[in-house]
Amino acid sequence: MDYKAIAQKTVQEVLGYTQDTSGWKVVKISKKITVSSKASRKFHGNLYRVEGIIPESAAKLSDFLYQTGERVTWDKSLQVYDMVHRIDSDTFICHTITQSFAMGSISPRDFIDLVYIKRYEGNMNIISSKSVDFPEYPPSSNYIRGYNHPCGFVCSPMKENPAYSKLVMFVQTEMRGKLSPSIIEKTMPSNLVNFILNAKDGIKAHKTPSGRGFRHNSHS
């Protein structure tokens, strides 16, 4: 499987979502975070767009979101986030196990995703992800294997203050299993807002006391 070609195609799709301005419906606004949705063209479900402002430069924000080492320390939606195969400095495959959601009515899922970071002119960075088959990690009976259609983070500097970034996140996750779409539609917007809030807290916690960078662990 040509993972690099898949990664490059996925990041182009995410870039396309940033340029798609029609058909979005705002489904939640909370704590200066806006969640919009529209019907996905990839599956019978929604594509979500989440927008927020993060008090960090775009370069540091994208590095923070790309690194795997401490993701589970701040991302409260995940039990496991492990890099299982490094393709090159910009591309890897990760295994993710989620927490349960909606008071336990959505059981944990696991995912195998291809993650890729691409840097554009003007300090805009896109981190794309898409589910792939990876023979070393076949589905197990312990978890329902979910599927992420093209998803991504788009990090760009605020023109008026480059020390702050605009973060736009696109999510279209097929949970699979026997869930009713209404449960997903009710819980997803709040989960996406919480992700942005968790990321803000995580960035704060990961800064050094001087505030000039992130602590680097050997496994990051």
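Residues numbered from 1 in each chain as written. Predicted model: local features only at pLDDT ≥ 70, side-chain atom pairs only at ≥ 80, totals over all residues. Heavy atoms only, no water.

Draft legend 1. Molecular detail of the overall build of the protein chain. A tally of helices and strands in the protein chain yields four helices and 12 strands. A compact globule built from 220 residues would reach a C-alpha radius of gyration of about 17 Å, and the protein chain, at 17 Å, matches this within 12%. With the C-alpha coordinates aligned to their principal axes, the bounding extent of the protein chain is approximately 45 × 40 × 35 Å. Counting the 220 residues in the protein chain, one finds 48% classified as buried. In the protein chain, the share of contacts with a sequence separation of at least 24, taken over all contacts with a separation of at least 6, comes to 57%. For the protein chain, the computed accessible surface area is about 11300 Å², with 52% contributed by carbon and sulfur atoms. (Helix = DSSP H or I, 4+ residues; strand = E, 2+ residues; numbered from the N terminus. Rg over C-alpha atoms; globule rule 2.2 N^0.38 Å. Buried < 20%, exposed > 50% of the residue type's maximum accessible area, 1.4 Å probe, protein only. Contact = heavy atoms within 4.5 Å. Areas by Shrake-Rupley, 256 points an atom, 1.4 Å probe, with all protein chains shown as cover.)

Draft legend 2. Region of the structure containing the side chain of Ser-40. Topologically, Ser-40 is positioned in the loop between β2 (33–39) and β3 (46–54). Note on Ser-40: relative accessible area 11%, which makes it buried. Here Gln-172 takes part through its side chain, which lies 2.6 Å from a polar atom of the side chain of Ser-40. Ignoring anything within four residues of it in the chain, the contact list for Ser-40 reads Gly-45, Asn-46, Leu-47 and Gln-172. (Polar contact = N/O pair within 3.5 Å; in protein donor to acceptor, adjacent residues only side chain to side chain.)

Draft legend 3. Spotlight on the packing of helix α2 (residues 58–66) against helix α4 (residues 181–206). Interhelical geometry of α2 versus α4 gives an angle of 105 degrees and a closest axis separation of 11 Å. The orientation of α2 with respect to α4, classified from their angle, is roughly perpendicular. The residues of α4 that touch α2, namely those facing Leu-61, Phe-64 and Leu-65, are Phe-195, Ala-199, Gly-202, Ile-203 and His-206. The class makeup of the residues in the contact of α2 with α4 is six nonpolar, two polar and no charged. (Axes fitted to C-alpha atoms, helices over the stretch in contact; angles between N-to-C directions. Parallel < 35°, antiparallel > 145°, perpendicular 65-115°, else oblique. Nonpolar A, V, L, I, M, F, W, Y, C, P; charged D, E, K, R; others polar.)

Draft legend 4. Structural detail: the environment of Lys-76. Among the structural elements, Lys-76 can be located in the loop between α3 (71–74) and β4 (78–88). Distance in space between the C-alpha atoms of Lys-76 and Thr-173 is 17 Å, their sequence separation being 97 residues.

Draft legend 5. The nonpolar core, seen in detail. Leu-65, Leu-167, Met-169, Leu-192 and Ile-196 are the most contacted members of the largest nonpolar core, which has 32 residues in total. Here this core takes eight residues from α4, the largest share from any one element. Ignoring anything within four residues of it in the chain, the contact list for Met-169 reads Tyr-48, Arg-49, Val-50, Gly-152, Phe-153, Leu-192, Phe-195 and Ile-196. (Core = buried A, V, L, I, M, F, W, Y, C linked by side-chain atoms within 4.5 Å.)

Draft legend 6. Structural context of the pairing of β2. Of all seven residues in β2, five are buried; the element is thus mostly enclosed. Here five bridges tie strand β1 (residues 25–30) to β2, and the two strands are oriented antiparallel to one another. Among the inter-strand pairings, Ile-29 is bridged to a residue of β2, identified as Thr-34. Between β1 and β2, which follow one another and run antiparallel, lie two residues, and Lys-31 among them has a positive phi close to 50 degrees. Bridge count for β2 against β3 is six bridges, and the pairing is antiparallel. Bridge pairing in β3 places Lys-38 opposite Leu-47. (Pairing = 2+ DSSP bridges.)

Draft legend 7. Up close: the pattern of salt bridges. Across all of its chains, the model carries 11 salt bridges by this definition. For Lys-4, the salt bridge is made with Asp-88, and the minimal N-O distance between the two is 2.7 Å. Here the residue Lys-4 occupies a position in helix α1 (residues 3–18), and Asp-88 occupies one in strand β4, the gap between them amounting to 84 residues. On the basis of relative accessible area, Lys-4 is assigned to the partly exposed category, the value being 22%. It is possible to trace a salt-bridge network through shared partners that takes in Lys-9, Glu-13 and Lys-42. (Salt bridge = Lys/Arg side-chain N within 4 Å of Asp/Glu carboxyl O.)

Draft legend 8. Seen up close, the state of the cysteines. Using the criterion set out here, one finds zero disulfides in the structure. Cys-94 carries a free sulfur, and the closest cysteine sulfur to it, the one in Cys-151, is 11 Å from it. With relative accessibility at 1%, the residue Cys-94 sits in the buried group. Take Cys-155: it sits in no disulfide, and the sulfur closest to it among the cysteines is that of Cys-151, at 15 Å. (Disulfide = S-S within 2.5 Å.)

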